[in-house]
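# Notes for the structure review
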Protein chains: 6
Amino acid sequence: MELVPNNSLKCATPEEGRQLAVNLALQTAFAIQPDGQVEHIIRDAYANNPDSIIAASHVVATEFATVAAANNYWR
Amino acid sequence: MELVPNNSLKCATPEEGRQLAVNLALQTAFAIQPDGQVEHIIRDAYANNPDSIIAASHVVATEFATVAAANNYWR
Amino acid sequence: MELVPNNSLKCATPEEGRQLAVNLALQTAFAIQPDGQVEHIIRDAYANNPDSIIAASHVVATEFATVAAANNYWR
Amino acid sequence: MELVPNNSLKCATPEEGRQLAVNLALQTAFAIQPDGQVEHIIRDAYANNPDSIIAASHVVATEFATVAAANNYWR
Amino acid sequence: MELVPNNSLKCATPEEGRQLAVNLALQTAFAIQPDGQVEHIIRDAYANNPDSIIAASHVVATEFATVAAANNYWR
Amino acid sequence: MELVPNNSLKCATPEEGRQLAVNLALQTAFAIQPDGQVEHIIRDAYANNPDSIIAASHVVATEFATVAAANNYWR
């Protein structure tokens, strides 16, 4: 299972970088719990539990900090 | 769905940077859970659950750290 | 609603920087949930729920990391 | 109420820096909730709730990251 | 018990770096609670509790930030 | 009570650095709650509550980020 799409943190724009951060955050669940059922229980949490969504947003924010630094903040 | 408004982290002032951080934090919920219902359950959590608001504030603080670094802290 | 007092991260001393971090952390609640009732439910949480206070302290610590870096740690 | 002891992040050693991080973390509770009762409910949480202690340890770790960077890691 | 595989943070690619971050995050549980039973209760949590998976993803994101910085973001 | 073993963040290898991060994370509990009983309630949490272990792993990850930066990532 590929953890980092295209095996690179290089992104042309902040939008691409943000999408990579979302993918990294969501991918990790499958690396931690490979069985197929995990996608279902996480989707369900996102549909019904606001605190799960906020917690996932925090993971995305942490990943985005790394991706942005890797791309020198697209300066 | 646009994740990063204007596809840029460049902000003229800390106030603009803070607003971007709030938008990034709140936008992520829709990237994670695209169905329209998510806005409703999150608004409800913010109206009634202080811990949800504090958790969301932590996401904003993490996003702001990235935006501030991207703008060299407006030095 | 002003998110960053004086639209600046510049603080003369660590004490001023710490106060700014506390203000930034607490202000965000009103940016996320503008209705007046939020102050009341957050005050109530801080009066009775130690975990809410600890969680809020973590937001302040994250904001202070940004403010301290912005002021080059007052070296 | 003084938030940053001696209004400085300068510490001679990592041990002093660690103590400052603990103080900053614990002090914030009183800045957020000034009424005297907060010390009591937080002490009680630390005596009985391991997750409160772990959460507080995370605040200390975040503060220590800032204090260590401020002192250039005592290199 | 070895905490850091090959006692090095050096990784040739982001994919390797991500795998190291996952290993570091999962290994810590055994350093904190050495008794064999911990693997079982954590696996169970990952199978049934989405918030545990999201919290573990946040640990991976924090470890990845360190590994990526250690490898200069594979620039 | 000594908070930072040998009053130094200097570690020869990543493995030593990781062990220091684990010690720093676990030590803080005793700095926050000095009474002897805290070790018992934390051990119990680690034996039975996966979310406590994940939360503690997050503290270790945050401490390791500081220790790794202090040692210039053992480059």
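Described below are features of the structure shown in this document. (Residues numbered from 1 in each chain as written. Chains lettered and ligands numbered in written order. Predicted model: local features only at pLDDT ≥ 70, side-chain atom pairs only at ≥ 80, totals over all residues. Heavy atoms only, no water.)

The next subject is the nonpolar core. Generally speaking, soluble globular proteins have nonpolar side chains that are buried together. Counting 168 residues, the largest nonpolar core has L9(A), L9(B), L9(C), L9(D), L9(E) and L9(F) as the members making the most contacts within it. Once residues within four sequence positions are removed from consideration, L9(A) is found in contact with V4(A), L20(A), V67(A), A70(A), N71(A), P14(E), F64(E), A68(E) and W74(E). (Core = buried A, V, L, I, M, F, W, Y, C linked by side-chain atoms within 4.5 Å. Buried < 20%, exposed > 50% of the residue type's maximum accessible area, 1.4 Å probe, protein only. Contact = heavy atoms within 4.5 Å.)

The next subject is the interface of chain E and chain F. The parts lose accessible area when they come together, and the size of an interface is often stated as this lost area. On the side of chain F, 27 residues touch chain E, which itself brings 32 residues to the contact. Between chain E and chain F, the buried area comes to about 2,400 Å², and carbon and sulfur atoms account for 65% of it. On the chain E side of the interface with chain F, the three residues burying the most area are L3(E), N7(E) and I32(E), jointly 24% of the side's total. Scanning the region where chain E abuts chain F turns up one salt bridge. With a closest N to O distance of 2.6 Å, E63(E) and R18(F) form a salt bridge. Applying the counting criterion to the chain E and chain F interface returns 11 residue pairs in polar contact (both at pLDDT 80 or more). Breaking the side of chain E that touches chain F down by element, the ones donating at least two residues are α1 (14-32), α2 (37-48) and α3 (50-70) of chain E. A total of 10 residues in the side of chain E that touches chain F trace back to one element, the largest contributor, which is α3(E). (Buried area = accessible area lost by both parts, 1.4 Å probe. Salt bridge = Lys/Arg side-chain N within 4 Å of Asp/Glu carboxyl O. Polar contact = N/O pair within 3.5 Å; in protein donor to acceptor, adjacent residues only side chain to side chain. Helix = DSSP H or I, 4+ residues; strand = E, 2+ residues; numbered from the N terminus.)

The two copies are related by a screw motion: chain E maps onto chain F through a turn of 60° and a shift of 0.0 Å along the axis, at an RMSD of 0.0 Å. A rotation of that kind, with that shift, is consistent with a six-fold axis. Using C-alpha coordinates, one finds that chain E approaches the rotation axis most closely at T62(E), a distance of 6.9 Å. (Least-squares fit on C-alpha atoms with pLDDT ≥ 70 in both.)

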